[in-house]
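Structural description and commentary
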Amino acid sequence: MAAPVPEGPGAPAGSALLELVAVMDRLRSPGGCPWDARQTHTSLLRYLVEETYEVVDAVEGGDRDELREELGDLLLQVVFHARVAAEAPDGFDIDDVAAGIVAKLVRRHPHVFAGEAAAEDLQARWDAIKATEKARASVLDGVPLHLPALARADKVLGRLERAGLEQPAAPGPGADERAVGRDLLDLVRRARAAGVDPEAALRTTVRELEADARAREADGG
């Protein structure tokens with residue numbers, strides 16, 4: 001393994017990341033760990049999803065020590081996938097991953113890095129820049145298909161509202177987090193009583209909403 005990187009108050013920010021990369025290289029290299037060596041992008045997906053939800057749990061639980069640990073586990077997944085990718089003949093490595101996100105952040109924040117005046121609606125400006133990069137045919141392109149139905153519904157509605165294809169609903173009386181949570185739980189109760197899978201029902205309805213929105217886009221709004 002590479003020599004330990006500097007630690008402590010005087011060490012440059014990110015120094016420990018170099019050691020993590022070196023540890024992963026040792027694990028995947030001959031003489032390393034057989035389990036780590038046989039993992040693939042596909043076999044690692046379950047851990048990526050699990051670690052993501054564990055970060056969510058740590059944030060919601062308010063435990064800073066647990067959050068630090070869970071962020072480390074999630075970071076490991078990023079480094080692991082990058083190390084697997086680096087072994088392919090046309091692969092990429094962790095530096096390519098980091099360089100890509102650095103370039104994206106700089107490009108999408110012209111008000112910070114290019115002297116452009118900050119837009120009144122920074123989210124809309126971000127979406128506009130993203131659209132020119134991706135050359136997408138629809139504002140809904142790129143919404144992950146495998147998001148949980150509720151998260152996907154929120155993502156789709158947000159995209160449509162920003163594009164003017166959906167009017168934001170007015171909040172109902174007492175629509176705070178707890179009230180909305182109770183309403184959602186009541187919907188799940190109703191679905192169970194009716195023998196309906198709430199996840200599948202919402203996913204089907206969101207697909208119908210997307211199809212309608214794409215048709216409106218094709219017709220010019």
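Please read these numbers as outputs of a predicted model, since none were measured by experiment.

**Considering the overall build of the protein chain**
Assigned secondary structure in the protein chain consists of 10 helices and 0 strands. Each helix and strand of the protein chain, ordered N terminal to C terminal, gives the series α-α-α-α-α-α-α-α-α-α. Computed over C-alpha atoms, the radius of gyration of the protein chain comes to 22 Å, more than 25% over the 17 Å expected from 2.2 N^0.38 for 221 residues, which places it beyond the range of a compact globule. Along the first, second and third principal axes, the C-alpha atoms of the protein chain reach 60 × 50 × 40 Å. Residues counted as buried form 18% of the 221 residues belonging to the protein chain. Contacts in the protein chain between residues far apart in sequence, at least 24 positions, make up 48% of those at least 6 positions apart. Carbon and sulfur atoms make up 59% of the accessible area of the protein chain, which amounts to about 15,300 Å² in all. Charge-centre separation for the protein chain: the mean point of 27 positive side chains lies 3 Å from the mean point of 40 negative side chains.

**Some remarks on the packing of aromatic side chains**
Inspection of the entire model under this criterion finds 1 aromatic pair. When the centroid spacing of 5.9 Å and the interplanar angle of 75° are considered together, the rings of W35 and Y47 count as edge-to-face. Placement of W35 in helix 2 (residues 34–37) and of Y47 in helix 3 (residues 41–61) is noted, with a sequence separation of 12 residues between them. Judged by its relative accessible area of 34%, W35 is partly exposed.

**Some details on helix 10 (residues 198–218)**
In this model, helix 10 (21 residues) spans 30 Å end to end at C-alpha, consistent with the 30 Å of a helix rising 1.5 Å per residue. Among all positions in helix 10, only V206, E210 and A213 are buried. What you see down the axis of helix 10 is that its buried residues fit within an arc of 65°, all on one side. Helix 10 presents E208 and A218 as exposed residues on the side facing more than 90 degrees away from its buried surface.

About the cut-offs
Residues numbered from 1 in each chain as written. Predicted model: local features only at pLDDT ≥ 70, side-chain atom pairs only at ≥ 80, totals over all residues. Heavy atoms only, no water. Helix = DSSP H or I, 4+ residues; strand = E, 2+ residues; numbered from the N terminus. Rg over C-alpha atoms; globule rule 2.2 N^0.38 Å. Buried < 20%, exposed > 50% of the residue type's maximum accessible area, 1.4 Å probe, protein only. Contact = heavy atoms within 4.5 Å. Areas by Shrake-Rupley, 256 points an atom, 1.4 Å probe, with all protein chains shown as cover. Lys, Arg positive; Asp, Glu negative; His and termini not counted. Charge placed at Lys NZ, Arg CZ, Asp CG, Glu CD. Phe/Tyr/Trp six-rings, centres within 6.5 Å; stacked < 30°, edge-to-face > 60°. Expected span 1.5 Å × (residues − 1). Arc of directions from axis to C-beta.

Shape descriptors only; they carry no functional weight alone.
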